[in-house]
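# Summary of the model geometry
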Amino acid sequence: MQVRLTTLCENTAGGIGFTGEWGLSILVEAGGHAVLLDTGFSDSVVRNASVAGVDLSKVDKIVISHGHTDHTGGLRLLLQRLRKRVEVYAHPEMWGKKYIRVVLPGGKDGLFRYVGVPFCREELEGLGASFNLTGEPVWLNEHMVTTGEVPMVTPFEQVDDNMYIKSDAGFVPDTLPGDQSLIVKTDKGLVVVLGCAHRGMVNTMLHAQKITGVEKIYAVVGGTHLIRAQQNQLDESIAALREFGVEKIGVSHCTGLPAAAFLAREFGDKFFFNNAGTVIEL
Ligand SMILES: [Fe+2]
Ligand SMILES: [Fe+2]
């Protein structure tokens, strides 16, 4: 079975004609199924699909990794283009009132910027979205399963402390319980496609092993959230990737340049930078 991953939104453009936009969206095709993980920040999925020659009408399911704007902001335009009923899989926390605390110049903080879904649920449902909200893994077809909620088990991965949820009690820390990824089961091992991995890349991979009962992780692609990682976390993550037997690592989005450069040096030709327009066939 051939697996094809086409990155339709990423912070940077991977070739002429593609649009870079802070966010992520990866089209995952396997066994005749086409599932879109995330939808980018605005219109880049639609623009880049046309540049890449991808017919979006084949998308039969959408998985939302988490409710941040840079992963959900393309949903409305996408639904308007698809003009059909689409099953959307997410954690109920997708609809949490999500904020990021912004530090102002001079170290003064106090600005809470809204970073949640920029649409109301009813509007998206009116455009064809049918929301399946659960914290459990969901088998989308015989090859692909969502992770659902990812347990925090490694000692070296933490959720960012600048994320908040607005509740009746005010702003409370957001532990991103809704952060999930997409797993593809292949003959070579698992392919783990990450949104932002707010709960930790290694935690996500360990959970993928547990859900599928498959030890070997052949590839990991997407947002690793190593952007704020200290050296200790990078070292531990690299050790874990080696232990999983990862043969392809394609980082995107919230990986950050220093971590990406470090991984590139460590993994040599197993590494690639997965940006808008990247197509990988496994
Ligand atoms: Fe995020
Ligand atoms: Fe993100």
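Preceding this section is the structure that the text describes.
Thresholds applied
- Residues numbered from 1 in each chain as written.
- Chains lettered and ligands numbered in written order.
- Predicted model: local features only at pLDDT ≥ 70, side-chain atom pairs only at ≥ 80, totals over all residues.
- Pairing = 2+ DSSP bridges.
- Helix = DSSP H or I, 4+ residues; strand = E, 2+ residues; numbered from the N terminus.
- Axes fitted to C-alpha atoms, helices over the stretch in contact; angles between N-to-C directions.
- Contact = placed C-beta atoms within 7 Å.

### Quick look at the sheet that holds strand β3 (residues 33–37)
In space, the seven strands of this open sheet follow the order β8-β5-β4-β3-β2-β1-β17, with mixed pairing throughout. Two strands close off the open sheet at either side, each with one partner strand: β8 (129–133) and β17 (279–281). Shown here is a sheet whose adjacent strand axes are inclined to one another by a mean of 20°, direction ignored. Of the strand pairs in this sheet, strand β2 (residues 25–30) and β3 are connected by five bridges, and their pairing is antiparallel. Within β3, the position partnered with Val-28 by the bridge is Val-35.

### Description of the environment of Met-205
Mapped onto the fold, Met-205 is located in helix α5 (residues 201–212). Sequence separation between Met-205 and Ile-183 is 22 residues; the distance between their C-alpha atoms is 9.1 Å. Contact partners of Met-205, with chain neighbours within four places excluded, come to Val-192, Ile-217, Val-220 and Phe-244.

### Details of the sheet that holds strand β14 (residues 217–223)
Two pairing modes exist for strands in a sheet, parallel and antiparallel, and in both the strands are linked by backbone hydrogen bonds. Taken together, the six strands give an open sheet; going across it, the order is β9-β12-β13-β14-β15-β16, and neighbouring strands pair in mixed fashion. Edge positions in the sheet fall to β9 (144–146) and β16 (271–273), since each has one partner strand and no second. Across this sheet, the average inter-strand angle for adjacent strands is 20°, counted without regard to direction. Relative to strand β13 (residues 189–194), strand β12 (residues 182–186) runs antiparallel, the two sharing five bridges. Within β13, the position partnered with Val-184 by the bridge is Val-191. Its contacts with the sheet put α5 on β9, β12, β13 and β14, and the angle it makes with β13 is roughly 135°.

Keep in mind that these numbers describe shape and distance, not what the molecule does.
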